[in-house]
2 protein chains.
Amino acid sequence: MGEAAAKQEKARGSAEGKAGERTPDRSNPRAQALLDAAEALLAETGYEGLSARAVAERAGVNKGLVFYYWGSTAELFEQVLERYYAAHKASLAESFAGEGSLRERVHEVIDVYLDFMETHRAYARIVQQQVSSGGPHVGLVRRHLSEVLGMTTAMLAEVTPESGPLAARHFHLSLSAVVINYFTYAPILGEGFWGTDPFGEEALAERRAHVHWVVDAWLAALER
Amino acid sequence: MGEAAAKQEKARGSAEGKAGERTPDRSNPRAQALLDAAEALLAETGYEGLSARAVAERAGVNKGLVFYYWGSTAELFEQVLERYYAAHKASLAESFAGEGSLRERVHEVIDVYLDFMETHRAYARIVQQQVSSGGPHVGLVRRHLSEVLGMTTAMLAEVTPESGPLAARHFHLSLSAVVINYFTYAPILGEGFWGTDPFGEEALAERRAHVHWVVDAWLAALER
DNA sequence: CATCGTTTTGACCACGAGGTCAAACTCGAA
DNA sequence: TTCGAGTTTGACCTCGTGGTCAAAACGATG
């Protein structure tokens, strides 16, 4: 998808439309409005709530513009997801670059991970939806997952073997599962047997403490 | 839908006078064929693949029968999910009833849990779909989750406090996350950086070893 | 055979999805 | 003022969805 190529179409205005392609300007306010509307909608209602109609209406814009600017709904959503993942990766990457003992660094990563989840409450749901339903954007998820896995592996290299049940990839999967599933299950948990609101401050703090405890247990066991 | 339903009620009421009930016999072979077809379809293609048309076609039966026997697609799927959960709960309940030390019992539960997952490969996907997309059957999931949580809590009662970050419910959530997420992420993992087929025998055995290691680490840490 | 309740069918409906398109509009440059 | 590229609109298309319904087929019972 070369967007750079599409930029310089303007020069050949009156010449001829030989390669007569469209030149929608995605920096146009309307195009951005659509993007923002899609993002908001994604956060609020999840992937299901996304439809060309809904997004256009939300943006106060004609539905046709979705296709004029973004080609298809899939492409639009891909942009939104990309934004999301980029933000996640960025915040994680920073935490990975921290200093200190392994334990300190791991805890830092967890905190940042949890912070992101708490701030972007729809994130967990969106990722899980894509993953578990084999949505059209699994490729994106895979790429993202792959990159983050790389960071984890590097960080844990000093204590985990390269293969086998204690390989870093297993811990990455397990840890992210422990983190992410709380947020996807929270709405269900809340209405009933969890007691308090799982998204309440105390509940989140308690869960955070649990996750920290969990990795401490792992690190302690790994040191043998 | 509400208006349509109302219309229908009126029509029926005036036409038949009394509480016009249907008397579809759900033990009818066709009704069962529909149920089986839905189950197969659910396992193969997940919740998305389920549609009245698809199910009927699969069962070699007219689409109208779906509504004649089951009232609505939602009700049909509910039956299927109920079956699924019942099977899961049954197998788990048996394992919970085992004897031996706490550690032995926990490992037994995990093995049974993993066995079930390996046998019913669509299970993880289905549950996660329902949970993460707030599907129409979350209620079912909640009930199921609640029951299984009860078992875990009882089992862990001797080592975990009743509240706080080390409460049994946290471990339940974390453990089931570690177990279930492998199966939802496996398809993604496979195509790329996991190396071998995540559903292959060795990979599954390796993951199983990892999960066992994980809970051993937890139990060890809890014993202080 | 005739009857009557149950079962089965296929045509049909409304709706919302993604997507297309020609016509209308906008607005800067010639 | 005219032109034309880029933009915007609304009508329209196809498809698949859940769901309805009248009529036909079936099956036991009188």
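A short note on the overall build of chain A
Okay, so step 1: Helices and strands together make up the secondary structure of chain A, namely 10 helices and zero strands.
Okay, so step 2: Going residue by residue from the N terminus, the α and β elements of chain A occur as α-α-α-α-α-α-α-α-α-α.
Okay, so step 3: In terms of overall dimensions, chain A has C-alpha extents of about 75 × 40 × 30 Å along its principal axes.
Okay, so step 4: Counting the 224 residues in chain A, one finds 46% classified as buried.
Okay, so step 5: Counted over contacts in chain A with a minimum sequence separation of 6, partners at least 24 positions apart contribute 64%.
Okay, so step 6: For chain A, the exposed area adds up to about 10900 Å²; of that, 51% sits on carbon and sulfur atoms.
Okay, so step 7: Of the side-chain charges in chain A, 22 are positive and 30 negative, and the distance between the mean point of each set is 9 Å.

What to know about the side chain of His-172 of chain A
Okay, so step 1: Its location among the elements puts His-172 of chain A in helix α9 (residues 168-190).
Okay, so step 2: His-172 of chain A has contacts with Leu-145, Val-148, Leu-149 and Thr-152 of chain A, leaving out every residue within four places of it along the chain.

With respect to the relation of the copies chain B and chain A
Okay, so step 1: Each copy of the sequence occupies a distinct position, and chain B is placed on chain A by a rotation of 180° and an axial shift of 0.0 Å, giving an RMSD of 0.1 Å. Put plainly, the chains are arranged around a two-fold axis.

Notes on the interface of chain B and chain A
Okay, so step 1: Between chain B and chain A, the contact holds 45 residues from the first and 45 residues from the second.
Okay, so step 2: Carbon and sulfur atoms make up 67% of the area that chain B and chain A hide from each other, which totals about 4500 Å².
Okay, so step 3: Inspection of the region where chain B meets chain A yields two salt bridges.
Okay, so step 4: Across the pair Glu-206 of chain B and Arg-169 of chain A runs a salt bridge, and its minimum N-O distance is 3.1 Å.
Okay, so step 5: At the junction of chain B with chain A, the criterion picks out 18 residue pairs in polar contact (both at pLDDT 80 or more).
Okay, so step 6: For the side of chain B that touches chain A, the leading source of residues is helix α9 (residues 168-190) of chain B, giving 14 residues.

A short note on the protein's contact with DNA strand C
Okay, so step 1: Lining the immediate surroundings of DNA strand C are 16 residues, of which Ala-52, Lys-63 and Thr-73 of chain A together with Tyr-68 and Tyr-69 of chain B lie closest.
Okay, so step 2: The share of sugar and phosphate among atoms of DNA strand C within 4 Å of the protein is 64%.
Okay, so step 3: Between DNA strand C and the protein, one listed contact pairs a phosphate oxygen with a backbone N or O atom of Thr-73 of chain A at 3.0 Å.
Okay, so step 4: In this structure, a phosphate oxygen belonging to DNA strand C sits 3.2 Å away from a main-chain N or O atom of Thr-23 of chain B.
Okay, so step 5: Those elements that place two or more of their residues in the surface near DNA strand C are α3 (52-59) of chain A together with α4 (63-70) of chain B.
Okay, so step 6: Take the surface near DNA strand C: its biggest share by element is three residues, from α4 of chain B.
Okay, so step 7: Along the lines of polarity and charge, the residues of the surface near DNA strand C split into six nonpolar, six polar and four charged.

Some points on the environment of His-212 of chain A
Residues and elements named next belong to chain A.
Okay, so step 1: You can see His-212 is positioned in helix α10 (residues 201-222).
Okay, so step 2: With 29 residues separating them along the chain, His-212 and Phe-183 place their C-alpha atoms 16 Å apart.
Okay, so step 3: Only 2.3 Å separates the side chain of His-212 from the side chain of His-107, close enough to count as a polar contact.

Here we look at the pattern of salt bridges
Residue and element names in this part refer to chain A.
Okay, so step 1: For the structure shown, the criterion picks out 24 salt bridges over all chains.
Okay, so step 2: Among the ionic pairs, Glu-147 bridges to Lys-89, the shortest N-O distance being 2.7 Å. Of this pair, Glu-147 sits in helix α8 (residues 138-156) while Lys-89 sits in helix α5 (residues 73-96), and the two are 58 residues apart along the sequence.
Okay, so step 3: Residue classification places Glu-147 among the partly exposed positions, given a relative accessible area of 35%.

Quick notes on the packing of helix α5 (residues 73-96) of chain B against helix α8 (residues 138-156) of chain B
All names here are of chain B.
Okay, so step 1: Two elements in contact, α5 and α8, have axes separated by 10 Å at closest approach and are oriented at 5°. In this view, α5 runs roughly parallel relative to α8, as classed from their interaxial angle. Mapping the contact onto sequence places Glu-78, Leu-81, Glu-82, Tyr-85, His-88, Lys-89, Leu-92, Ala-93 and Phe-96 in α5 and Leu-140, Val-141, Arg-143, His-144, Glu-147, Val-148, Met-151, Thr-152 and Met-155 in α8.
Okay, so step 2: Here the contact of α5 with α8 is built from residues that sort into 10 nonpolar, three polar and five charged.

Details of the domain arrangement of chain A
Residue and element names in this part refer to chain A.
Okay, so step 1: Domain boundaries in chain A define domain 1 (22-71) and domain 2 (81-222).
Okay, so step 2: For domain 1 and domain 2, the distance between their C-alpha centroids amounts to 30 Å.
Okay, so step 3: Contacts between the two partners involve 11 residues from domain 1 and, on the opposite side, 10 residues from domain 2.
Okay, so step 4: It is Glu-39, Leu-42 and Tyr-47 in domain 1 that bury the most area against domain 2; as a group they hold 60% of the surface buried on that side.
Okay, so step 5: Where domain 1 meets domain 2, there are two salt bridges.

As for the side chain of His-107 of chain B
Okay, so step 1: Within the secondary structure, His-107 of chain B sits in helix α6 (residues 102-119).
Okay, so step 2: Apart from the residues within four sequence positions on either side, His-107 of chain B is in contact with His-212, Val-215 and Asp-216 of chain B.

About the criteria used
- Residues numbered from 1 in each chain as written.
- Chains lettered and ligands numbered in written order.
- Predicted model: local features only at pLDDT ≥ 70, side-chain atom pairs only at ≥ 80, totals over all residues.
- Heavy atoms only, no water.
- Helix = DSSP H or I, 4+ residues; strand = E, 2+ residues; numbered from the N terminus.
- Buried < 20%, exposed > 50% of the residue type's maximum accessible area, 1.4 Å probe, protein only.
- Contact = heavy atoms within 4.5 Å.
- Areas by Shrake-Rupley, 256 points an atom, 1.4 Å probe, with all protein chains shown as cover.
- Lys, Arg positive; Asp, Glu negative; His and termini not counted.
- Charge placed at Lys NZ, Arg CZ, Asp CG, Glu CD.
- Least-squares fit on C-alpha atoms with pLDDT ≥ 70 in both.
- Buried area = accessible area lost by both parts, 1.4 Å probe.
- Salt bridge = Lys/Arg side-chain N within 4 Å of Asp/Glu carboxyl O.
- Polar contact = N/O pair within 3.5 Å; in protein donor to acceptor, adjacent residues only side chain to side chain.
- Near = heavy atom within 4 Å.
- Nonpolar A, V, L, I, M, F, W, Y, C, P; charged D, E, K, R; others polar.
- Axes fitted to C-alpha atoms, helices over the stretch in contact; angles between N-to-C directions.
- Parallel < 35°, antiparallel > 145°, perpendicular 65-115°, else oblique.
- Domains from an automatic or database assignment.

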